[in-house]
Amino acid sequence: QPLDHKVAVRNACSVHDARLGTTQLNCINVLSAQTCFIIFVLVNGVKSGVIVVARLATQKEQRDQKLQRSSKPQKLFLPSLKNKSRNQLWNTFQGLTELDGYATRRTITEEDDDEDDNEEVEEMEGEDEQETREKIESVKDRMLSDNSKACYFSSVSQLIAWLYETKPFCLNHEFKSCLDNEPRNRGPITKKIKELLKRRELLPFNTRRFSYKQWTSYVVNVMMKKKLKFSSYVALRSGVRHFYRRHHKTKTYRRKFDVQIADFYKGLQNTIADERAVSGTKLSSGKDLLPFSLYVIMGGELLKCKKMDLIVGRTFLILSWNLICRSVNTAEILFQHMGWKDDHMWICFPHSKTDQVGERNEPKSIYANPICPAICPILAMGVYLMSHSPDTRKLFPGGSQYHRFVNCLQKVMTLPERGECDESSNAQDAPYDYRAIRKAVCQELQRLGMNKEDLGTHSIRKGAATYCTSGSTHCPSVTAVSDRASWNNGTIPKTYFKYEAASDLFVGRTACGLPIHSAMFASLPPQFKKGNDELVQSTIQLCFPTLPGNMNGILIHCLASIVYHFDYLRKELDPSHPLWSCALFRDTGIYEQLKEQVLVLLPTDVPIEMNESSENMMCTVQVPIYRSTGCPPHVTSLVHEKQWMMKTQLLQEKLDQVVAGNEQLVAANEQLRLKQDSMMQKMEVEFKEIVNYFKQSQGKNEENRLLLLQQLEVSMQQNHGHENFTVQMQLREVVAKLQEGWDMQKRMIENLQQQQLELLQHLQQQQQQQQQQQ
């Protein structure tokens, strides 16, 4: 048992064994007195493995008395030791206590561990007022959530009911008296026990009599026969520890149960695993994860129905998936904790199950999915807010939205019976029949080999976390997903791995269902073009008159999503859906104006054209273009590759246009060539005729010249004797003129030949130029 001799043991260790350093001495200061005494015994040479239990000789009636001090040390009772070892131990211990100048005699009972705590409580009650004490206790109660308390009350109440029937001596006398005074005909006893457990002044257990034996007997004889999951046993242990801590019996719990129950639970866990392996029952504990394919089908099928419960349930489902949060946190979302930044919506949680003080209240990003509108969170928000008059404070008003969603989830996964009727059961509403919607969901469940009992609200959280971390070969880090889900992964991650917006943005894009291996992962939400602020703001005031101003950015993009997906909504929604009664669709003129001003900029269809004055590509659409956030490097590379492919496609189109123009030019050149060939042929014919004519005339002229020369010679010979010089000169002049005419004809023929050669060369050059252009 513990002894108040820590100082003596510390001095003994430091004096008799110099091997103990400063670190060991510091550890001794925080150890229990029992452990310190065992260290003292081992240091002073007692055989290894001997456990010394030291108790002061006291009477039975002195167990509840307070600590009393005496100048004379009391002799210790040391059983089952040899006299030599016992005497040596006692002499050494007595010398140490005299050296320190004090000795202790203490009454040891099972309740002494928490005596100092009880004294502090009694002192507080004596000084402070009752109201202050109640406030303090209520603040202390906030260390646990209401759900955790309900779980503890349920598990412990069953244990107490079993103890009350079989081992009533393990219950506190006052608590047992309250149960005895309750009439037997007022419902089950567990209900009465839960009401008594809410009273803080009542300790349910008799801490002296309730022990490890009774606890394990209940587990073996009652709980194991019910084939419960191991989480039920863990809940029982946490519940018992909670009530011990609430009544300031923490040390007693640690002394009596900590080690023994931990060992028993370890063996119990292995036993349950062995039984599961032999019996062939379900291997995993808890609910299964919600597959992404089933999530998409549920989002698309629930959109068709006009029931308000399903409209709320669909929005609740999609937000819970994207936030990877507990459904309880989704039910408590406030408008003041929402907003819009860049290309995404953000939501903050003031606190969570693992963060009761609200230290990790970083914003969680939610992105639009224009590719798959069935699971687009922004479109779901727009349809939900337009379909009813929302509250001015909470996104899901009311006090039981969590239970409302649970009922909706279970019902939509239940196959309808043959005789079950529905509001929209006529022939024309058959595609929107609630029974058909449930049947489609159940068919997907059957295809996946799952039952509705395997799924619950926590399945959404499991499915989203699994999809984000393992849905592809390039996923966000586990640390980023853990931060988004508000999980505690131990001391080291909490100390060294802090929140950063970039990783959460990546998780947000992944969770919304965008294809991570495509450039479409960088898609932007539907948005309005610039210059339409007045029209957009007036429409928002008309459709969302009660929502606060900080929701303006979200509402603008919700309105843009509804207008952009109008054709999809018209095809999928029930004709009597509450959305069609909104002011936006009652006045078709507003919708027609907004339809012309809304668009989505996707990496595959961004309007780009070639600038005539530059070789660069330029976007000519004037819209408020946001930077795509949360994109990993490989998606950025895919986007750039897609943009270059688009530019190449535009160049190819431009080249095709040039080639088409060249083909027309080739056809025109071919016609021109044919005309030139015909002209050349005509010119050659004419040239040949002229040449022949000149040759013929030249031949005649040559004959005439020769004949004339002969005549001239004859005439000269005849007139030689007469010396008719004048006639000779005249003849010579005639011959010279004839020679000039003949020379002129030769030059004309040569010029014609040169012109023909030049024309042929010119035509050849034109043909070569046409070929080069082609």
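To be clear, the structure that these remarks concern was listed above.
Residues numbered from 1 in each chain as written. Predicted model: local features only at pLDDT ≥ 70, side-chain atom pairs only at ≥ 80, totals over all residues. Heavy atoms only, no water.

Enquirer: I'd like a rundown of the environment of arginine 393, residues and numbers included.
Expert: Along the chain, arginine 393 falls in the loop between helix H16 (377–387) and helix H17 (401–412). Judged by its relative accessible area of 53%, arginine 393 falls in the exposed class. In this structure, arginine 393 is in contact with Leu334 and Phe335, ignoring residues within four places of it in sequence. (Helix = DSSP H or I, 4+ residues; strand = E, 2+ residues; numbered from the N terminus. Buried < 20%, exposed > 50% of the residue type's maximum accessible area, 1.4 Å probe, protein only. Contact = heavy atoms within 4.5 Å.)

Enquirer: Describe the pattern of salt bridges, and please don't skip the residues or the numbers.
Expert: Per the counting criterion, the structure on display carries 8 salt bridges. Aspartate 309 serves as the salt-bridge partner of arginine 404, at 2.6 Å between the closest nitrogen and oxygen. Taken together, the residues span a long stretch of sequence, with arginine 404 in helix H17 and aspartate 309 in helix H14 (residues 308–323) at a distance of 95 residues. Here aspartate 504 makes a salt bridge to arginine 484, at a shortest N to O gap of 2.9 Å. Taken as a pair, aspartate 504 in helix H22 (residues 501–511) and arginine 484 in helix H20 (residues 478–485) lie far apart in primary sequence, 20 residues in all. (Salt bridge = Lys/Arg side-chain N within 4 Å of Asp/Glu carboxyl O.)

Enquirer: So what's going on with the pairing of strand S3 (residues 338–341)? Residues and values would help.
Expert: Pairing of S3 with strand S4 (residues 344–347), which is carried by 4 bridges, proceeds in the antiparallel orientation. Along S4, the bridge assignment pairs glycine 339 with tryptophan 346. In sequence, S3 turns back onto S4 through a hairpin of 2 residues, with aspartate 342 there showing a positive phi of about 55°. (Pairing = 2+ DSSP bridges.)

Enquirer: Go over the side chain of serine 157, please, and point to the residues and values.
Expert: Residue position: serine 157 is located in helix H7 (residues 146–166). Non-local contacts of serine 157, meaning those with residues more than four positions away in its chain, are made with Thr190, Ile193, Lys194 and Leu197.

Enquirer: For helix H8 (residues 173–181), give the residues involved together with the corresponding values.
Expert: Taken residue by residue, H8 has Phe175, Cys178 and Leu179 as its buried positions. Down the axis of H8, the smallest arc covering the buried residues is 100°, so these residues share one side. Exposed residues lying more than 90 degrees from the buried face of H8 are His173 and Asn181. Against the buried residues of H8 lie H7 and helix H9 (189–197). (Arc of directions from axis to C-beta.)

Enquirer: Tell me about unusual backbone geometry, and name the residues and values.
Expert: The phi torsion at isoleucine 324 lies on the positive side, around 50°, for a residue other than glycine. Note on placement: isoleucine 324 falls in the loop between H14 and helix H15 (327–331). You will see that serine 486, though not glycine, has its phi angle at about 60°, which is positive. Mapped onto the elements, serine 486 comes out in the loop between H20 and helix H21 (491–496).

Enquirer: Would you mind going over the environment of leucine 638 in detail, with residue names and values included?
Expert: Relative to the helices and strands, leucine 638 is located in helix H28 (residues 633–719). Considered as a pair, leucine 638 and alanine 519 are 119 residues apart in the sequence and their alpha carbons are 5.1 Å apart. Once you skip the residues sitting within four places of it in the chain, leucine 638 turns out to touch His517, Ser518 and Ala519.

Enquirer: Can you lay out H17 for me, pointing to particular residues and giving the numbers?
Expert: In a regular helix each residue adds 1.5 Å, so 12 residues correspond to 16 Å; H17 covers 16 Å between its end C-alpha atoms and thus fits that length. Where H17 is concerned, the buried positions are Gln401, Phe405, Cys408, Leu409 and Val412. Taken around the axis of H17, the buried residues stretch over an arc of 100°, which confines them to a single face. In H17, the exposed residues that point more than 90 degrees away from the buried face are His403 and Asn407. (Expected span 1.5 Å × (residues − 1).)

Enquirer: Got a sec to walk through the state of the cysteines? Specific residues and values, please.
Expert: Considering all chains together, one arrives at 0 disulfides under this definition. Here cysteine 475 is not cross-linked by a disulfide; its sulfur's nearest cysteine counterpart is in cysteine 468, at 7.8 Å. (Disulfide = S-S within 2.5 Å.)

Enquirer: Give me the lowdown on the packing of H7 against helix H10 (residues 212–223), citing residues and values where you can.
Expert: Between H7 and H10, whose axes approach to 11 Å, the crossing angle comes to 100°. With respect to H10, the axis of H7 lies roughly perpendicular. Contact with H7, carried on its side by Gln158, Leu159, Trp162 and Leu163, involves Gln214, Ser217, Tyr218 and Val222 of H10 and no other residues of that element. Residues of the contact of H7 with H10, tallied by class, amount to 5 nonpolar, 3 polar and no charged. (Axes fitted to C-alpha atoms, helices over the stretch in contact; angles between N-to-C directions. Parallel < 35°, antiparallel > 145°, perpendicular 65-115°, else oblique. Nonpolar A, V, L, I, M, F, W, Y, C, P; charged D, E, K, R; others polar.)

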